[in-house]
Amino acid sequence: MYVLGISRVHDSAAALVRDGEIVAFAEEERFTRVKHDGRFPARAIEFCLEQAGIGLDEVDHVAFYWQRWREAAHAAKVFARYFPGTLDVFRNERENGAKSAGLVETLRHGGGPKKNDDYHVGGAVLAHIKRTYTLADDVKAAVGHTGPTKFKVHLIDHHRSHAASAFFVSPFDRAAVLTLDGVGSDGTTTCLAVGDGKRIRDLKRIRYPHSLGAMYAIVTGYLGFYSTRDAGKVMGLAPYGNDTYVEQFAELLHLTPDGGYELDLSYFQHHRNGKHMVSRKFIDTFGPPRPQTRITQDNPVPQHYMDIAYALQATLERAGLHLARWLHEETGMTRLAVAGGVALNSVMNGRILLETGFEEFFAQPASADDGSSLGAALEVSVGRFDRPRPTTGYVFTGPEFTEERMEQALRDAGVEYQRVDDIARHTAAGIAEGLIVGWFQGRMECGPRALGNRSLLADPRDPQSKARMNEKVKHREPFRPFAPSCLEERSGEYFASDHPSEVMLLVFDVLEHQRAVVPAITHVDGTARVQTVSRADNPLYHELISRFDELTGVPMLVNTSFNDNDEPIVCTPEDAVACYLKTDVDALALGPFWVRKPADESGAGR
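What counts, and at which threshold
- Residues numbered from 1 in each chain as written.
- Predicted model: local features only at pLDDT ≥ 70, side-chain atom pairs only at ≥ 80, totals over all residues.
- Heavy atoms only, no water.
- Pairing = 2+ DSSP bridges.
- Helix = DSSP H or I, 4+ residues; strand = E, 2+ residues; numbered from the N terminus.
- Contact = heavy atoms within 4.5 Å.
- Axes fitted to C-alpha atoms, helices over the stretch in contact; angles between N-to-C directions.
- Expected span 1.5 Å × (residues − 1).
- Buried < 20%, exposed > 50% of the residue type's maximum accessible area, 1.4 Å probe, protein only.
- Core = buried A, V, L, I, M, F, W, Y, C linked by side-chain atoms within 4.5 Å.
- 1 Å grid on protein atoms, 1.4 Å probe; cavity = no way out; pocket = protein on both sides within 12 Å on 5 of 7 lines; lining within 4 Å.
- Points joined across faces, edges and corners; volume = space filled by probe spheres on them.
- Parallel < 35°, antiparallel > 145°, perpendicular 65-115°, else oblique.
- Left-handed = near helix turned anticlockwise from the far one by under 90°.
- Nonpolar A, V, L, I, M, F, W, Y, C, P; charged D, E, K, R; others polar.

**Student:** Describe the sheet that holds strand 17 (residues 506-509), and please don't skip the residues or the numbers.
**Tutor:** Strand order in the open sheet made by the 9 strands is 13-21-20-14-15-19-16-18-17, with mixed pairing throughout. On the outer flanks of this sheet lie strand 13 (418-419) and strand 17, each paired with one strand and no other. In the sheet, strand 17 pairs with strand 18 (residues 527-533) via 4 bridges, with the strands oriented antiparallel. Its bridge partner being in strand 18, D509 is matched across the sheet by T527. Sitting on the sheet, helix 15 (residues 403-413) is in contact with strand 13, strand 14 (437-440), strand 20 (587-590) and strand 21 (593-596), with an inclination near 20 degrees to strand 21.

This is how it looks when you write it as structure tokens:
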């Protein structure tokens, strides 16, 4: 039985599940090269069917990550509850009083994708409803199918999609389940549940406007970043701050004895206008927003806003710990599976693992809305039709390419290359020399983090690796940290926990005596967002790190996604070669092929 899962709006994606196997899963952005592409995932659907070798006529079910009328019903309740303040919706304004995209534009195209909050709230609700009616036709049009089909469309609750994406691919027979995001199809923002075998049962739901995802996004916008896309930047910025505003920020969010929380809405406007905006009270308390200017060494983030980021992150962590502790006490379980956009906050995740009663933690790499396409498919396959749960193959689910295709990409680009017998050994030697290497191997990983098949790699011992990677290769903010990929069997020698962290969603302290050994992956607060690599999960990547360990005595590499700042992770060999040529990446390991820039073009050693 084939089930095609679909998500859209932002980070659109498609997944194909066949009984107990995830056949394919990928984000639309990887194919269109538009970062965070929220359009209908036509290219991703096409890839899924090609990977399975089937046509649309062989798909049995299509699962969509959103339900039809519950969103409109909840929106009406919010409008009535906070009336007349909700009349602000009709002003259709975003930050600085600028007009947002109109109803018709939002209904047709989703609004203006390159600007904060550039959408019409009513148009967005109508667009969600319309898409559920046109879904079958949209799928057919995506692949040019004009013949008969047999698939049935299923509209899946958004937070159930998130929960299924985590629990059903986890190794746990039974576990507590926690999902957190901005808002779901019925207004849910947080769901606390229990997974048991092939069923997930809700314990508690918290609904909009009380939302950890909305709180974080709103303050992210206040800090001068893109509210719904740059939460990870704020998480990286927070350790540079001080606890100046932590007590004041505690007023923004109140924890309740029953395991819930409530926002003090007087600091926000989202419940009134549907946009990610702070209120006048927030500005009077914490000062004006940071202008949306590019951050560089010469134009750093002022300390005041670093302190706000610190307070925001501390507030989120306080709430996450409160929810997890209640869930642990209520269920008595020691295993936890998490999903939702907020679950990408790896600092919060690390504290939940180490500071609550949970002993085992699981998240799949695409925890945000891209992963809800997979979750919707699994809710149908496993939850409704009792098919087996897949417990492997949930990371490297994208396209892979032949050596012939890779070699042709190199020839077409006119670069000199060589085929090497042992690409892992050869690459390890280059990294040990100080090279930044683009590493392109096997099937593409899913989710926002590079996990060893589409990675930029560097030497963790070199304190200049971080600065050079940020400035010359990634062209991004200088405060942003880089993660280590560490041999799983050696991680306890460097980090405060040796808990497996395959998908880079746990932050741990770097042991104090090791921080000077691996400065490039040690953040300003002494932590690192750890990826552990096992031979079973990724044999070639494990071999590469092992070779580097043999040369240097350090069992890890700096790992970041293979892309420039404003583009998605590379998908094809052509993408990889283009990124290599336009950035200061020193060398490229494209399958078995090795490419290195001449010394006068390379940034190594600078």
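Moving on from the model shown.
**Student:** Tell me about the pairing of strand 21, residues and numbers included.
**Tutor:** Where strand 13 lies against strand 21, 2 bridges are found, and the strand directions are antiparallel. Across the sheet, residue Q418 finds its bridge partner in strand 21, namely W594. As paired strands, strand 20 and strand 21 are joined by 4 bridges and run antiparallel to one another. Bridged to A587 within strand 21 is R596.

**Student:** Break down helix 18 (residues 539-552) for me, citing the residues and quoting the values.
**Tutor:** Here helix 18 spans 20 Å end to end across 14 residues, near enough to the 20 Å set by a 1.5 Å rise per residue. Those residues of helix 18 that fall on the buried side of the exposure criterion are Y541, H542, L544, I545, S546, R547, F548, D549 and T552. Tucked inside the fold, the buried residues of helix 18 contact helix 16 (423-432), strand 14, strand 15 (454-458), strand 16 (483-487), strand 18 and strand 19 (556-561). After helix 18 finishes, the residue G553 shows a positive phi value of roughly 80 degrees.

**Student:** So, the sheet that holds strand 5 (residues 152-155): which residues are in play, and what are the values?
**Tutor:** Where strands meet in a sheet, backbone hydrogen bonds hold them as pairs that are either parallel or antiparallel. Taken in spatial order, the 5 strands line up as 3-2-1-4-5 in an open sheet, and their pairing is mixed. If you trace the sheet from one side to the other, it starts and ends with strand 3 (21-27) and strand 5, each paired once. With strand direction ignored, the average angle separating the axes of adjacent strands in the sheet is 15 degrees. One ladder, built from 4 bridges, connects strand 1 (residues 2-7) with strand 4 (residues 61-64); its direction is parallel.

**Student:** Tell me what's going on with the nonpolar core, and back it up with residues and numbers.
**Tutor:** Buried together is how nonpolar side chains tend to be arranged in soluble globular proteins. Among the nonpolar cores identified, the biggest contains 155 residues, and F249 and F495 are the most heavily contacted of them. A total of 13 residues in this core trace back to one element, the largest contributor, which is helix 12 (residues 303-331). Apart from residues no more than four positions distant in its own chain, F249 is found in contact with V219, F282, F286, I308, A311, L312 and T315. Counting 29 residues, the second-largest nonpolar core is a separate cluster that includes A44, I45, Y65 and L135.

**Student:** Explain unusual backbone geometry to me, and be specific about the residues and the numbers.
**Tutor:** The step from F83 to P84 runs through a cis peptide bond, and the omega angle for that step is 10 degrees. You can see P84 is positioned in the loop between helix 3 (70-81) and helix 4 (103-109). Each neighbour pair has its own omega, and for Y208 with P209 the value is 15 degrees, a cis peptide bond. You will see that H475, though not glycine, has its phi angle at about 55 degrees, which is positive.

**Student:** I'd like a rundown of empty space enclosed by the protein, residues and numbers included.
**Tutor:** A full pass over the atoms with the stated rule returns 2 cavities of 30 Å³ or more. Space inside the largest cavity adds up to approximately 60 Å³. What lines the largest cavity is simply V395, F396, L451, E502, Q531, T532, V533, S534, D537, N538 and Y541. Considering each element in turn, the lining of the largest cavity owes the most residues, 3 residues, to strand 18.

**Student:** So what's going on with the environment of I545? Residues and values would help.
**Tutor:** Among the structural elements, I545 can be located in helix 18. Spatially, the C-alpha atom of I545 lies 27 Å from that of E567, the residues being 22 residues apart in sequence. With residues near it in sequence (within four places) discarded, I545 still touches S485, L487, V533, P555, M556 and L557.

**Student:** Which residues make up the environment of L212, and what values do they have?
**Tutor:** As for its placement among the helices and strands, L212 is situated in helix 7 (residues 212-222). Linking L212 and T190, residues 22 residues apart in sequence, is a C-alpha distance of 8.0 Å. Once you skip the residues sitting within four places of it in the chain, L212 turns out to touch L180, L253, Y261, L316, A319, L323 and V342.

**Student:** How would you sum up the packing of helix 15 against helix 19 (residues 573-582)? Please name residues and give values.
**Tutor:** When two helices pack together, you describe them by how their axes are tilted relative to each other and by the distance separating the axes. Interhelical geometry of helix 15 versus helix 19 gives an angle of 40 degrees and a closest axis separation of 9 Å. Taken together, the axis directions place helix 15 and helix 19 in an arrangement best described as oblique. In this structure, helix 15 crosses over helix 19, and the sense of that crossing is right-handed. Across the interface between the two elements, R405, M406, A409, L410 and A413 of helix 15 pack against P573, E574, V577 and L581 of helix 19. Among the residues forming the contact of helix 15 with helix 19, the class breakdown is 7 nonpolar, no polar and 2 charged.

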